[in-house]
Amino acid sequence: MRILIISSPHSAPLRSIVGTARPRRGYNSGSIILPAMLRMTQTLAQPAAHSAPAGTTPVAELRALRKIYYKPDGSVMVEALRGIDVTINRGEYVAIMGASGSGKSTLMNVLGCLDRPTDGLYLLDGRDVAAMSDDDLSNYRGLKIGFIFQAFNLIPQLTIEENVATPLFYQRVPRAERIERAIETLGKVGLGDRLGHRPRELSGGQQQRVAIARALVTRPVVLMADEPTGNLDSSTGQAILNLFEELHSSGMTILMVTHDPVVAERCLRVVRLKDGLIEYDRQQPGYRGRKTASSDLANLGVSDAVRSPAQSH
Ligand SMILES: Nc1ncnc2c1ncn2[C@@H]1O[C@H](COP(=O)(O)OP(=O)(O)OP(=O)(O)O)[C@@H](O)[C@H]1O
Ligand SMILES: [Mg+2]
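Residues numbered from 1 in each chain as written. Chains lettered and ligands numbered in written order. Predicted model: local features only at pLDDT ≥ 70, side-chain atom pairs only at ≥ 80, totals over all residues.

### A short note on unusual backbone geometry
Here's step 1: Its identity is not glycine, yet Asn153 carries a phi of approximately 55 degrees, on the positive side.
Here's step 2: Assignment of secondary structure puts Asn153 in the loop between β7 (145–148) and α5 (160–169).
Here's step 3: What makes Asn153 buried here is the crowd of 23 C-beta atoms within 10 Å.
Here's step 4: Unlike most non-glycine residues, Asp275 shows phi in positive territory, near 50 degrees.
Here's step 5: Examined against the element boundaries, Asp275 turns out to sit in the loop between β10 (269–274) and β11 (277–283).
Here's step 6: Judged by local crowding, Asp275 falls into the partly exposed class, with 14 C-beta atoms found within 10 Å. (Helix = DSSP H or I, 4+ residues; strand = E, 2+ residues; numbered from the N terminus. Buried ≥ 20, exposed ≤ 12 C-beta atoms within 10 Å, placed from the backbone.)

### Remarks on the environment of Arg214
Here's step 1: Note on placement: Arg214 falls in helix α7 (residues 204–216).
Here's step 2: Here Arg214 falls in the buried class, since 32 other C-beta atoms lie within 10 Å of it.

### Points about the pairing of strand β2 (residues 58–70)
Here's step 1: Direction of pairing for β2 relative to strand β3 (residues 76–89): antiparallel, over a ladder of 10 bridges. Its bridge partner lying in β3, Leu65 is registered against Ile84.
Here's step 2: Alignment of β2 against strand β5 (residues 119–124), held across 5 bridges, turns out to be antiparallel. Across the sheet, residue Ala60 finds its bridge partner in β5, namely Leu124. (Pairing = 2+ DSSP bridges.)

### Things to note about the packing of α5 against helix α6 (residues 175–188)
In helix packing, the relevant descriptors are the interaxial angle and the interaxial distance, both defined with respect to the helix axes.
Here's step 1: Put simply, α5 and α6 touch, their axes get as near as 8 Å, and they point 120 degrees apart. Accordingly, the angle class assigned to the pair α5 and α6 is oblique. The chirality of how α5 crosses α6 is right-handed. Where α5 abuts α6, its residues Ile160, Glu161, Val164, Ala165, Leu168 and Phe169 lie against Arg178, Ile179, Arg181, Ala182, Ile183, Thr185 and Leu186. (Axes fitted to C-alpha atoms, helices over the stretch in contact; angles between N-to-C directions. Parallel < 35°, antiparallel > 145°, perpendicular 65-115°, else oblique. Left-handed = near helix turned anticlockwise from the far one by under 90°. Contact = placed C-beta atoms within 7 Å.)

### Concerning the sheet that holds β5
Here's step 1: Taken in spatial order, the 4 strands line up as β3-β2-β5-β6 in an open sheet, and their pairing is antiparallel. In this open sheet, the two edge strands, each paired with only one partner strand, are β3 and β6 (127–128).
Here's step 2: Two elements, β5 and β6, share 2 bridges in a ladder whose sense is antiparallel. The partner of Leu124 across the bridge, within β6, is Arg127.

### A closer look at helix α3 (residues 104–111)
Here's step 1: The buried fraction of α3 amounts to 8 of the 8 residues, a majority that puts the element mostly inside the structure.
Here's step 2: Inspection of α3 places Lys104, Ser105, Thr106, Leu107, Met108, Asn109, Val110 and Leu111 among the buried residues, and these make up the whole buried set.

### Points about the packing of α5 against α7
Here's step 1: It is at 7 Å that the axes of α5 and α7 come closest, and there the two elements cross at 35 degrees. Crossing handedness for the pair α5 and α7: right-handed. Facing α5, whose interface residues are Ile160, Asn163, Val164, Thr166 and Pro167, α7 presents Val210, Ala213 and Arg214.
Here's step 2: Classifying every residue of the contact of α5 with α7 gives 5 nonpolar, 2 polar and 1 charged. (Nonpolar A, V, L, I, M, F, W, Y, C, P; charged D, E, K, R; others polar.)

### Re the pairing of strand β9 (residues 253–257)
Here's step 1: The buried count for β9 comes to 5 of 5 residues, which makes it a mostly enclosed element.
Here's step 2: Side chains Thr253, Leu255 and Val257 of β9 all project onto a buried face; the interleaved residues Ile254 and Met256 project onto the opposite face, where all are buried too.
Here's step 3: One ladder, built from 4 bridges, connects strand β4 (residues 93–98) with β9; its direction is parallel. The partner of Tyr93 across the bridge, within β9, is Ile254.
Here's step 4: Note that strand β8 (residues 222–226) and β9 share 5 bridges and pair parallel. Bridging across to β9, Ala225 finds its partner in Met256.
Here's step 5: A crossover links β8 with its parallel partner β9, the connecting element being helix α8 (residues 234–249), and its sense is right-handed. (Right-handed = clockwise from strand over helix to strand, strands pointing away.)

Here's what the structure looks like:
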């Protein structure tokens, strides 16, 4: 069973779970092509503290971006994004906020290349994603973006190292190296003593750490997450936020959807949506993430994981 799943690179459900599904296209595609779980997408992204100082190199640039969901007859159902202009720079830590239905998940799915905009420009790490074929975009996304889902989306039949190794299958990494990198990354998030376990044997917070490791194992440029603490109790959610802060302090660019002001308070910048438009976009004066190097997660070696030249592309 496990072999069957891992060896099915075109399995839409699996590619959706690990964030490598082809982007949605066409009429009302969101409700037809990809499973509903992608609406709860959370992403993660990447790295490269070695290439440029934080705040100077765009990772994601959106210009006049719109997303319209159409009915099967071609008429407009919902204009979910109505003209988004935003630039996310390398090394930023951004919360995307807004009321239910304001377009947060739609925006995250476009940023994560799980869905294509109806029109407007999206440059991901300098490349116009609109110009790419679905296969090229899927591969490019796999290199650049790591996703974290609210519901973890781990594969129950697989061990945690097999779960973490799964995205590397799509990058044609040999199995032995896949498992080696998965074990290394699980060690970075503090789960090195849980190898061989299956997700159901772990707590919610530990499962989310597995999901974070799965996002990091591909050495992405940006980490994206849609409500990554939404299924966790408060203290477990705080531990995950501590890990994000460690990743950010190590140079990772992080984009996170949250409806929780307490969570957003811990981000460097907040972009708030209202009815498909940006209501405001501001830096957080009270940001304290970079002061948390002494947190209980500081000894996980995440900095090494992010900065290791071996992880760069
Ligand atoms: N696949 C779809 N087809 C049609 N309409 C959609 C689709 N996905 C989202 N919408 C609509 O687009 C708008 C924005 O939805 P979105 O899921 O982005 O909101 P959200 O801000 O993430 O909300 P929540 O906080 O409840 O998750 C809503 O009106 C929603 O009903
Ligand atoms: Mg949502």
